[in-house]
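# Structural characterization, general
Listed here are the chains, written in short residue letters.
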Amino acid sequence: MKGTFRAFTGAIASFNKDNFKMKTPGATIGIRGSGNVLNFSPDSGTTLNHTIEGSHVVTAVDPSGAMRTLVTMPGQTVQINPTGGMKFVPTPAFILKAEMDAPRTAGAPGT
């Protein structure tokens, strides 16, 4: 699968957040009771994760083979490149659009 995915985990996170992980070829994103927009580009091999609410644990293996982890908070976007390098980046417009345009559920931001 490729493209952009928006999720609010709700009850999943309250029962067993360790059983819900989003994976791309370059990263694993674990939840801490939150909403996010995740994008994977197969052309560049780049993963973007934008935290809407709650927090996320973003993990990738860097070129030396070491596992690296970043924790993101609301409004933060992390970019993971194909070699496992991670950095916080300004949120791209298409991610903000995905955050705002998706159907809202009760309790989600903006409802």
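For the structure, see preceding data.
Residues numbered from 1 in each chain as written. Predicted model: local features only at pLDDT ≥ 70, side-chain atom pairs only at ≥ 80, totals over all residues. Heavy atoms only, no water.

### Quick word on the overall build of the protein
The line we're drawing: Labels follow the DSSP assignment, with helices taken as runs of H or I lasting at least four residues and strands as runs of E lasting at least two, numbered in each case from the N terminus. Classification of residues uses two cut-offs on accessible area relative to the type maximum, computed with a 1.4 Å probe and protein chains only: under 20% is buried, over 50% is exposed, and between them is partly exposed. Values of accessible area rely on a 1.4 Å probe in the Shrake-Rupley scheme; residue burial ignores everything except the protein chains shown.
A count of helical and extended segments in the protein gives two helices and nine strands. Beginning at the N terminus, the succession of helices and strands in the protein can be written as β-α-β-β-β-β-β-β-β-β-α. The 111 residues of the protein split such that 39% are buried. Surface summary for the protein: the accessible area is close to 6200 Å², and the carbon and sulfur share equals 58%.

### Notes on the nonpolar core
A general trend in soluble globular proteins is that nonpolar side chains are found buried together. Our working rule: Among buried residues, the Ala, Val, Leu, Ile, Met, Phe, Trp, Tyr and Cys ones that are joined through side-chain atoms within 4.5 Å form a nonpolar core. We call two residues in contact whenever any of their non-hydrogen atoms come within 4.5 Å of each other.
Counting residues in hydrophobic clusters, the biggest one holds eight residues: Ala27, Ile29, Leu38, Val58, Ala60, Val78, Ile80 and Met86. Once you skip the residues sitting within four places of it in the chain, Met86 turns out to touch Val58, Ala60, Arg68, Thr69, Leu70, Val78, Gln79 and Ile80. The next biggest cluster of nonpolar side chains, apart from the first, holds five residues, and it includes Val37, Ile52, Val89 and Ile95.

### Considerations on the pattern of salt bridges
Here is the rule: When a carboxyl oxygen of Asp or Glu is within 4 Å of a side-chain nitrogen of Lys or Arg, the pair counts as a salt bridge.
Throughout the structure, instances matching the rule amount to one salt bridge. Asp62 is paired through a salt bridge with Arg68; the nearest N and O atoms lie 2.8 Å apart. Judged by its relative accessible area of 14%, Asp62 is buried.

### Structural notes on the pairing of strand S7 (residues 67-72)
Let me state the cut-off plainly: Paired strands, as defined in this entry, are two strands with at least two bridges between them according to DSSP.
With six bridges joining them, strand S6 (residues 56-61) and S7 adopt antiparallel strand pairing. By the bridge assignment for S7, Val57 is matched with Val71.

### Quick word on the environment of Gly26
Counting through the fold element by element, Gly26 comes out in the loop between strand S2 (21-24) and strand S3 (27-31). With 58 residues separating them along the chain, Gly26 and Gly84 place their C-alpha atoms 6.1 Å apart. Sequence-distant contacts of Gly26, that is, excluding residues within four places in its chain, are made with Thr59, Ala60 and Ile80.

### Concerning the pairing of strand S4 (residues 35-41)
The buried count for S4 comes to six of seven residues, which makes it a mostly enclosed element. Taken together, S4 and the strand that follows it, strand S5 (residues 46-53), pair antiparallel across an intervening segment of four residues, in which Gly45 is found at a positive phi of about 75°.

### Some remarks on the side chain of Thr47
Structurally, Thr47 can be placed in strand S5. If we skip the residues at most four places from it in the chain, Thr47 touches Thr24, Ala27, Ile29, Leu38, Asn39, Phe40, Val78, Gln79 and Ile80.

### Points about the environment of Pro25
Its location among the elements puts Pro25 in the loop between S2 and S3. Measuring from C-alpha to C-alpha, the distance between Pro25 and Ala60 comes to 9.4 Å, with 35 residues separating the pair along the chain.

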